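Observations on the three-dimensional arrangement
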Amino acid sequence: GSDPGLIPRTEDPSAAIFVDVFLLFGYLDSEGNILDLRGRIFDDTNANPELLVRQPFAETVFWQSSEATARMIEKAIQSAIAGESSRLHLDFRLRAEEKVPVILTFQPILSGDGEQRIFVYAQKPDTPEKAENERDLEHLLLGAEVADMGLWYWDNETRHLFSTPCTNEIFALTAYDELTFEKILQAVYPEDIAF
């Protein structure tokens, strides 16, 4: 069951603060299983988060937007179990064909009874105003993502590399990590780098 005292219950007025600040929030046990999970993001899904209790967080349907996502979440959970907080920028799957980007944070905590827990929460990423050419490029990359294609684009003017989440997965990056030339080289066999 849940661990009273770590997260306010729905009837507690302070719970409104959690709902306003986080898209989802809850806590996991020391093995990464869900003890409690709530948030307004579930209003847009067909799932009741209370039914997820005791399931491995990384294996829930919400993180099945790519093959690498569950592995990255499991790695972040292991870091939290080891005492380090971690943050991932990935897609939360609302429905089969609809995803939203979130920043997912795992924070190690101790419960009132001294048990190790992981507080997990998701927030919306910052979205600064984009130039028109950036929006056009974003639409192109989104089209490639919908087609489940890996695609990248080098902007010579800004000297920035844009990539789809599928491309990032190839390079073992989270969906919204910045793909850099250095990260590409890390995926090349060492004896082939000079070539």
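Residues numbered from 1 in each chain as written. Predicted model: local features only at pLDDT ≥ 70, side-chain atom pairs only at ≥ 80, totals over all residues. Heavy atoms only, no water.

1. Some points on the layout of surface pockets
So the rule is basically this: Cavities and pockets were defined on a 1 Å grid built over protein atoms only: a cavity is a set of grid points that admits a 1.4 Å probe from which the probe cannot escape, a pocket is an open set flanked by protein on both sides within 12 Å along at least five of seven lines, and lining residues are those with an atom within 4 Å of any such point. Grid points are joined across faces, edges and corners, and a volume is the space filled by probe spheres set on the points. Following the grouping adopted for this structure description, the nonpolar residues are Ala, Val, Leu, Ile, Met, Phe, Trp, Tyr, Cys and Pro, the charged ones are Asp, Glu, Lys and Arg, and the polar ones are all others, Gly among them.
Approximately 160 Å³ is the volume found for the second largest pocket. Along the wall of the second largest pocket there are ten residues; nearest its centre are Leu 23, Ile 41, Val 100, Pro 101 and Lys 124. In terms of residue class, the lining of the second largest pocket is made up of six nonpolar, one polar and three charged.

2. Some remarks on the pairing of strand S4 (residues 98–110)
Our working rule: Strand pairing is assigned whenever DSSP identifies at least 2 bridges connecting the two strands. Note on conventions: DSSP H or I runs of at least 4 residues are helices, E runs of at least 2 residues are strands, and numbering of each starts at the N terminus.
Of the strand pairs in this sheet, strand S3 (residues 86–95) and S4 are connected by nine bridges, and their pairing is antiparallel. In the strand pairing of S4, Leu 90 is matched with Val 102. Between the antiparallel neighbours S3 and S4 lie two residues. Where S4 and strand S5 (residues 116–123) come together, eight bridges link them in antiparallel fashion. Its bridge partner being in S5, Phe 106 is matched across the sheet by Val 120.

3. Brief notes about the pattern of salt bridges
For the record, the criterion: We define a salt bridge as a side-chain nitrogen of Lys or Arg found within 4 Å of a carboxyl oxygen belonging to Asp or Glu. Exposure is judged per residue with a 1.4 Å probe applied to protein chains only, and the accessible area is read against the type maximum: over 50% gives exposed, under 20% gives buried, and values in between give partly exposed.
The full count for this structure, using the stated rule, is two salt bridges. In this structure, the salt-bridge partner of Arg 95 is Glu 98, at a minimum N-O distance of 3.8 Å. Residue classification places Arg 95 among the partly exposed residues on the basis of a relative accessible area of 37%.

4. Quick look at the pairing of strand S7 (residues 160–163)
Looking at chain direction, strand S6 (residues 152–155) and S7 are connected through four bridges and run antiparallel. By the bridge assignment for S7, Trp 154 is matched with Leu 161. Linking S6 back to S7 in an antiparallel pair, the connection comprises four residues, with Arg 159 at a positive phi of about 55°.

5. Topic: the environment of Gln 64
What counts is decided by this rule: Contacts are assigned to residue pairs with any non-hydrogen atoms lying within 4.5 Å of each other.
When you line up the elements, Gln 64 lands in the loop between strand S2 (34–38) and helix H2 (67–81). Judged by relative accessible area, Gln 64 falls into the partly exposed class, the value being 37%. C-alpha separation for the pair Gln 64 and Ala 96, spaced 32 residues apart in sequence, amounts to 9.3 Å. Setting aside anything within four residues of it in sequence, one finds Gln 64 in contact with Ala 58, Glu 59, Ala 70 and Arg 93.

6. Examining the side chain of Asn 33
Structurally, Asn 33 is set in the loop between strand S1 (24–28) and S2. Among the residues examined, Asn 33 registers a relative accessible area of 16% and is labelled buried. Look past the residues within four positions of Asn 33 in its chain and what remains in contact with it is Tyr 27, Leu 28, Arg 54, Gln 55, Pro 56 and Phe 57.

7. Points about the confidence of the model for the chain
Selection criterion: Every residue gets a pLDDT, meaning the predictor's confidence in that residue, from 0 to 100.
Scored by pLDDT, the chain has a mean of 80; 82% of the residues are at 70 or more. Mean pLDDT across the elements of the chain ranges from a minimum in helix H3 (residues 132–146), with 65, to a maximum in S5, with 93. In the model, residues 1–5 has pLDDT below 50 throughout and makes eleven contacts with residues more than four positions away in sequence or in other chains.

8. Quick look at the environment of Leu 94
For Leu 94, the location among the structural elements is in strand S3. Residue contacts for Leu 94: discarding those within four places in its chain leaves Ile 41, Asp 44, Thr 45, Lys 99 and Val 100.

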